[in-house]
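Each chain, written out:
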Amino acid sequence: MVKVRKGNKPPPDGWDLIEPTLDEIEAKMREAELAPHDGKRKVETLWPIFKIHHQKSRYLYDLYYKRKTISKELYDFCIKQSIGDKNLIAQWKKQGYENLCCLRCIQPRDTNFNKKCICRVPKEKLEEGKVVECVHCGCRGCSG
């Protein structure tokens, strides 16, 4: 079950419609956290967690901005409860960042040459046949 902080108000209308999906995603997150990481590099152990975090935020983004099936109150409630990543969702609203995998890929301080991550380079500008994999989250290209 998704952790909802106890506060003054109960969840808004429509919560019961999205709660089962959020529970499934949360169960996947628990599995990823408890999965054995023998033989993997240190960064590879975090890749499934980044992927599931992205999936949960993308689910809320699609429901509110694309399909318009949840109310603003429910969306704000989910953001305040830290169910979705508001900074990642804010980047998705910008042109050119619609498919962004994680925030670390656009932070220049996390790369060797103070540039964007390799997964942000368009596929047509990369060498053919070369498999590109982000060190931070395991993304294979989110530039579109």
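Each residue is numbered by its place in its chain's sequence as written, counting from 1. At least 70 in pLDDT is required for a residue's local features to be given in this predicted model, at least 80 for side-chain atom pairs to be given and counted, and no such filter applies to totals for whole chains, interfaces and linings, which use all residues. With hydrogens and water excluded, all non-hydrogen atoms of the structure serve as input to the side-chain values.

Per an unreviewed UniProt entry, the protein chain goes by the name Protein BUD31 homolog and belongs to Adineta steineri. If you open the UniProt record of the protein chain and go to Subcellular location (unreviewed entry), you find "Nucleus". UniProt positions are given in the numbering used here, feature names are shortened, and annotations may be inferred rather than shown by experiment.

Every helix listed is a DSSP run of H or I at least four residues long, and every strand listed is a run of E at least two residues long, numbered separately from the N terminus. Counting its regular elements, the protein chain contains four helices and zero strands. Walking the protein chain from its N terminus toward its C terminus, one meets helices and strands in the order α-α-α-α. A principal-axis box enclosing the C-alpha atoms of the protein chain has dimensions of 50 × 40 × 25 Å. Any residue under 20% of the maximum accessible area for its type is buried, any over 50% is exposed, and the rest in between are partly exposed; the area is computed with a 1.4 Å probe on protein chains only. Burial analysis of the protein chain (144 residues in total) assigns 34% to the buried set. For the protein chain, the proportion of contacts with a sequence separation of at least 24, taken over those separated by at least 6, is 50%. Only four residue types enter the charge count: Lys and Arg as positive, Asp and Glu as negative, with His and the chain ends excluded. Charged groups are reduced to one reference atom each: NZ for lysine, CZ for arginine, CG for aspartic acid, CD for glutamic acid. Taking the 29 positively charged and 20 negatively charged side chains of the protein chain as two groups, their mean positions are separated by 6 Å. Only heavy atoms enter the contact rule, under which two residues are in contact if any of them lie within 4.5 Å.

Ring pairs are drawn from Phe, Tyr and Trp, using the six-membered ring of Trp, whenever the two centres fall within 6.5 Å, and their geometry is named by plane angle: stacked under 30 degrees, edge-to-face over 60, tilted for the rest. Under the definition given, this model contains six aromatic pairs. Ring geometry for Trp-15 against Phe-77: centres 5.6 Å apart, planes inclined by 80 degrees, an arrangement best described as edge-to-face. Within this pair, whereas Trp-15 is found in helix H1 (residues 15-34), its partner Phe-77 is found in helix H3 (residues 72-80), the two being separated by 62 residues in sequence. Both residues of the pair, Trp-15 and Phe-77, count as buried. Ring geometry for Tyr-64 versus Tyr-65: centroids 4.8 Å apart, planes at 80 degrees, classification edge-to-face. In this structure Tyr-64 comes out as buried when scored by relative accessible area, which is 19%. Look at Tyr-65 and you get partly exposed, because its relative accessible area is 26%. Among the aromatic residues, those joined into a ring-pair cluster are Tyr-61, Tyr-64, Tyr-65, Tyr-75 and Trp-92. Definition used: whenever NZ (Lys) or CZ (Arg) falls within 6 Å of the ring centre and also within 35 degrees of the ring normal, the charge is taken to sit over that ring. A cation sits over an aromatic face here: Arg-58 above Trp-92, 4.1 Å from the ring centre.

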